[in-house]
Amino acid sequence: MKNEFFHAIKIVWENCTGCTRCVRVCPTQALRVRNGKVQLDSRRCIDCGKCVTTCPYKALRTTADNLDSIKKFKFKMAIISTTYAGQFAENIDYPTAKRALFELGFDDVASEAMVTEMMSRMIRDYINEHKDTRPIISSHCPAIVRLIQVRFSSLLPNILHIEAPMSVLALYFKDKICREKNLSEDEVGIFMIVPCPAQVTAVHQPEGTYKNAQDGAISIQEIYQQAMCKMKEASESDREIEIYPGGLSWAISGSQADEIDDGNIRTLAVSGINNVIKILHKMENHQLDHYDFVVMHSCINGCVGGVLNVENPFIASSRIKRLLRTAKHKNFKDKYFYDMFLKGKFDVKPLEPRSIMHLDDTIKSAIQKMKQIQLISQKLPGLDCSACGSPSCEVLAEDIVDGKATIADCVVLLREKQKK
Amino acid sequence: MPVCEAVKFSMPEYWYIREGYEERTNSFFDKKPEPELIKEYSLGEHDFVNAGNASGDIKLSLKRLGVAPEVLRRVAIAAYEAEINMTAHAKGGDISGNIYAELIHIEFLDHGPGMKDIEQAMIPGYSTATELVREMGFGAGLGLPNIKKNADVLHIESEEGGQTFVEILIYFE
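About the cut-offs
Going along each chain's sequence as written, the residues are numbered from 1 onward. Throughout, the order in which chains and ligands are written sets their labels, letters from A for the former and numbers from 1 for the latter. Selection of residues for local features in this predicted model requires a pLDDT of at least 70, selection of side-chain atom pairs for listing and counting requires 80 or more, and totals for whole chains, interfaces and linings are taken over all residues. With hydrogens and water stripped out, all remaining heavy atoms of the structure feed into the side-chain values. Secondary structure elements are taken from DSSP: a helix is a run of H or I of four residues or more, a strand is a run of E of two residues or more, and numbering for both begins at the N terminus. It is over C-alpha atoms that the radius of gyration is taken, and the globule rule equals 2.2 Å times the number of residues to the power 0.38. Each residue is placed in one exposure class: buried if its accessible area under a 1.4 Å probe, protein chains only, is under 20% of its type's maximum, exposed if it is over 50%, and partly exposed if it falls in between. Each accessible area is a Shrake-Rupley result for a 1.4 Å probe, and residues are judged covered by the shown protein chains and nothing else. The sign given to each residue is positive for Lys and Arg and negative for Asp and Glu; His and the chain ends receive no count. Positions of charges follow a simple convention, taking NZ of Lys, CZ of Arg, CG of Asp or CD of Glu. Strand pairing requires that DSSP identify at least two bridges connecting the strands. Convention adopted: a line fitted to C-alpha atoms gives each axis, helices being fitted over their contacting stretch, and angles between N-to-C directions are expressed from 0 to 180 degrees. Contacts between residues were defined by any pair of non-hydrogen atoms, one from each residue, lying within 4.5 Å. A quick way to say it: buried area is the sum, across both parts, of accessible area lost when two parts are put together, with a 1.4 Å probe. Just to be clear on terms, a salt bridge is a Lys or Arg side-chain nitrogen sitting within 4 Å of an Asp or Glu carboxyl oxygen. Think of a polar contact as two N or O atoms within 3.5 Å of one another; within protein, one of them needs to be a possible hydrogen donor and the other a possible acceptor, and neighboring residues in sequence only count if both atoms come from side chains. Throughout, right-handed denotes a crossover for which the path from the first strand over the helix to the second runs clockwise when the strands point away from the viewer.

The number of helices and strands found in chain A is 16 helices and 11 strands. Computed over its C-alpha atoms, the radius of gyration of chain A comes to 23 Å, within 12% of the 22 Å expected for a compact globule of 420 residues. Oriented by its inertia axes, the alpha-carbon framework of chain A measures out at about 80 × 50 × 40 Å. Sorting the 420 residues of chain A into buried and exposed places 57% on the buried side. Accessible surface, chain A as shown: approximately 19000 Å² in total, 47% of it carbon and sulfur. In chain A, which carries 56 positive and 51 negative side-chain charges, the distance between the mean positions of the two groups comes to 5 Å.

This is the structure:
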């Protein structure tokens, strides 16, 4: 099969022991162990990173761009996720952590937090303009957008069809820098500093984007590592740093929803992929139509829970909240930015489904398949032990019907047979 | 209108068939073909925690078969309401989801105590729900009207003191 989907999650074959831990936690059943090694179904993977956190052998890891890749651009810009603010110990203040990025070679640094307030306004307008679609689903978490594409495609029209804040900033700065510095688009490198594999994938294979202004995605871990070596220089630098504490909390589940809620917009915030799946089932049954806006994050507690962060998600959110309380509030206002929004520059194309749910092309043939699956399932022990390499007995039955496994793969049945 | 057992024994019953589906429906009940797949569930009295699981599972099966989202939604709502009715108003019962290539036929047979007046129960807002049920947030009197709105066929047989039998048909196309 042609590999048409980019994934930030990569398998390190030599580390894989075939233990099936990852197979059991994958929310889209994208992983199998076959011949003692893990395999990833590119069509199903949503880059949520659950397998990466679960694997004790580092056989699944996230690949992102490295810092060297910024060198090929004349002007280098970093756009940092709001989680960045929660990563550093409290003796390093946020402006210093931001200054360190200049020491690493970036010519300018902007934070996602800069536009969240303006985004809130745009989102509220969108919600009020789309009264016939309820609830509107935030497009903030790329793993959730992909989850909806593969498992809940009937909800695709509910997704907010505006780019997420970091992509919006990329579009804005690419345009602005080219204009002001008189540079061509390929001379300006816009790099996202991201907390999770889903965001790496979103940079390299964005969904529904008209124009991708993002040139790479570097993990917060890599930046942290390198920034720590530049802290001395950063703390001595007197470079003016703008921070927008008001938007910093967007990395924490609940904040975005609270901000959008102006008293007339009813919101719901959900985090953790398993919670999200339950909510999406309810939404699909129209049991949540009384909500106007739903924000879902694949990671527990929001983006602070992303696997490419350094700090524990709860400590990171505590630090960010502290920063919010102590820093002076500041607004970003730019007419040019709002004009770009009005001109539709931040719009997203209607998202396409990538359904993995259908057993076959027609209902008739799918029924035959389901019958076969039921028959095979009855023979299987129902222990869901995953020793066969499939996540559950039912999925093994499905794999057998699809010709991707045989009943001999069931270790429990094999043992019973040997006993006889 | 199809002739069924209930008429012979003059058990009170209610029929609703969406306009345009009369012929297909009559032929279905005349032939009563064997379903391709059967999904069976049973539900206890006031088991509000598990009420919704059967309709959720039926919906998931249909989704895997490739049934259109709009149809899925109607099946989910109609089956969910009937399931809740069984929990809230009856002493539990059995559910059977009979899947065919072109339709789903879902049967709900409860353990009583039956309905006094079916026609009245079809009026939106009419409810016989007990205090307990209302406290749980159910019993607004919209269950049966909501099933009717979403199903292509709704058939109810019930008698005070006896069991209630509800069946719905939803065509995939």
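Turning our attention to the sheet that holds strand β4 (residues 103-110) of chain B. Residues and elements named next belong to chain B. Here we have six strands laid out as an open sheet, ordered β1-β5-β6-β4-β3-β2, and antiparallel in their pairing. The strands lining the two open edges of the sheet, one partner per strand, are β1 (13-17) and β2 (37-43). Averaged over all adjacent pairs, the angle separating strand axes in this sheet is 10°, with direction ignored. Bridging between β1 and strand β5 (residues 153-158) involves five bridges; their strand directions are antiparallel. Opposite Y14, over in β5, you have I156 as the bridge partner. Against the sheet, helix α2 (residues 22-31) touches β1, β4, β5 and β6 (164-171), its axis set at about 125° to β6.

What follows concerns the environment of B:A68. Relative to the assigned elements, B:A68 resides in the loop between α3 (53-65) and α4 (69-89). For B:A68, a relative accessible area of 37% gives the class partly exposed.

With 20 residues of chain B at the contact, the number on the chain A side is 23 residues. Between chain B and chain A, the buried area comes to about 1900 Å², and carbon and sulfur atoms account for 60% of it. When the area that chain B buries against chain A is broken down by residue, the three leading residues are B:K63, B:R64 and B:L65, summing to 37%. The tally of links between chain B and chain A comes to four salt bridges. For B:E36, the salt bridge identified is with A:K371, shortest N-O distance 2.7 Å. Seen at the junction of chain B and chain A, the total is eight residue pairs in polar contact (both at pLDDT 80 or more). Elements with a minimum of two residues in the side of chain B that touches chain A: β2, α3 and α4 of chain B. In terms of residues, the side of chain B that touches chain A owes the most to one element, α3(B), which gives six residues.

This part covers the sheet that holds strand β5 (residues 75-80) of chain A. Residue and element names in this part refer to chain A. Spatial ordering of the open sheet is given by β6-β5-β8-β9, a layout of four strands whose pairing is parallel. Strand pairing shows two members of the sheet lacking a second neighbour, β6 (108-111) and β9 (216-219), which therefore form its edges. For this sheet, the mean angle separating the axes of adjacent strands, direction not counted, is 25°. Across the face of the sheet, helix α6 (residues 165-181) comes into contact with β5, β6 and β8 (188-194) while running at roughly 155° to β8.

On to the pairing of β5(A). Residue and element names in this part refer to chain A. Across the six residues of β5, six count as buried, placing the element largely inside the fold. Every second residue of β5 is oriented toward a common face, with F75, M77 and I79 on one face and K76, A78 and I80 on the other, all of them buried. As judged from the six bridges shared by β5 and β8, these two strands associate in the parallel manner. Residue pairing across strands places A78 opposite F191, the latter belonging to β8. Across four bridges, the pairing between β5 and β6 is parallel. Residue pairing in the sheet places M77 in a bridge with D108 of β6. In the classification by handedness, the crossover that spans β5, the intervening helix α3 (residues 94-103) and the parallel β6 is right-handed.

In the structure shown here, the tally under the stated rule is 26 salt bridges over all chains. We note a salt bridge from A:E236 to A:K232, for which the minimum N-O separation is 3.2 Å. Of the two residues, A:E236 and A:K232 both sit in helix α9 (residues 231-236), four residues apart, roughly one turn of that helix. The same class applies to A:E236 as to A:K232, namely exposed. Across the salt bridge formed by B:D152 and B:R18, the nearest N and O atoms sit 2.9 Å from each other. On the criterion of sequence distance, the pair formed by B:D152 in the loop between α7 (143-150) and β5 and B:R18 in the loop between β1 and α2 is long-range, its members being 134 residues apart. Judged by its relative accessible area of 23%, B:R18 falls in the partly exposed class.

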